[in-house]
Amino acid sequence: MIIRLGRLTPGYFRLLQRQVSGEIQMQPQNSLMDPIAMTMATVGTCVSLYSAMQMAERVHLKQPNA
């Protein structure tokens, strides 16, 4: 779930506390946003992992055999 951060004021912290305790219900957001955000996070993680593996492979190939 994507949470927008407001200004960090005492009133905002009180609002967050009331939301956590269940006194206030958040307005429902677009239901399409959660799957899109999760997909983008997964793709980003996979691309990062792939890039790290490619860099590690290149370093391993460049090391001279002792």
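Refer to the structure above for everything that follows.
If you're wondering where the values come from, they're calculated on a predicted model, not measured in any experiment.

### Some remarks on the overall build of the chain
Here's step 1: Across its full length, the chain holds two helices and zero strands.
Here's step 2: When each of the 66 residues of the chain is scored for burial, the buried share is 2%.
Here's step 3: Carbon together with sulfur atoms contributes 63% to the accessible area of the chain, which is approximately 6500 Å² in total.

### Focus: helix H1 (residues 10–21)
Here's step 1: Helix length check: H1 (twelve residues) gives 17 Å between terminal C-alpha atoms against 16 Å at 1.5 Å per residue, within 8%.
Here's step 2: Looking one or two places after H1, you find Gly22, whose phi comes out positive at around 95 degrees.

### Notes on a nonpolar patch on the surface
Here's step 1: A cluster of nonpolar side chains, namely Leu32, Ile36 and Met40, defines an oily patch on the protein surface of about 310 Å² accessible area.
Here's step 2: Examined against the element boundaries, Met40 turns out to sit in helix H2 (residues 33–62).

Thresholds, definitions, all that
Residues numbered from 1 in each chain as written. Predicted model: local features only at pLDDT ≥ 70, side-chain atom pairs only at ≥ 80, totals over all residues. Heavy atoms only, no water. Helix = DSSP H or I, 4+ residues; strand = E, 2+ residues; numbered from the N terminus. Buried < 20%, exposed > 50% of the residue type's maximum accessible area, 1.4 Å probe, protein only. Areas by Shrake-Rupley, 256 points an atom, 1.4 Å probe, with all protein chains shown as cover. Expected span 1.5 Å × (residues − 1). Patch = residues over 30% accessible without salt bridge, like charges linked within 9 Å, V, L, I, M, F, W, Y side chains within 5 Å. Salt bridge = Lys/Arg side-chain N within 4 Å of Asp/Glu carboxyl O.

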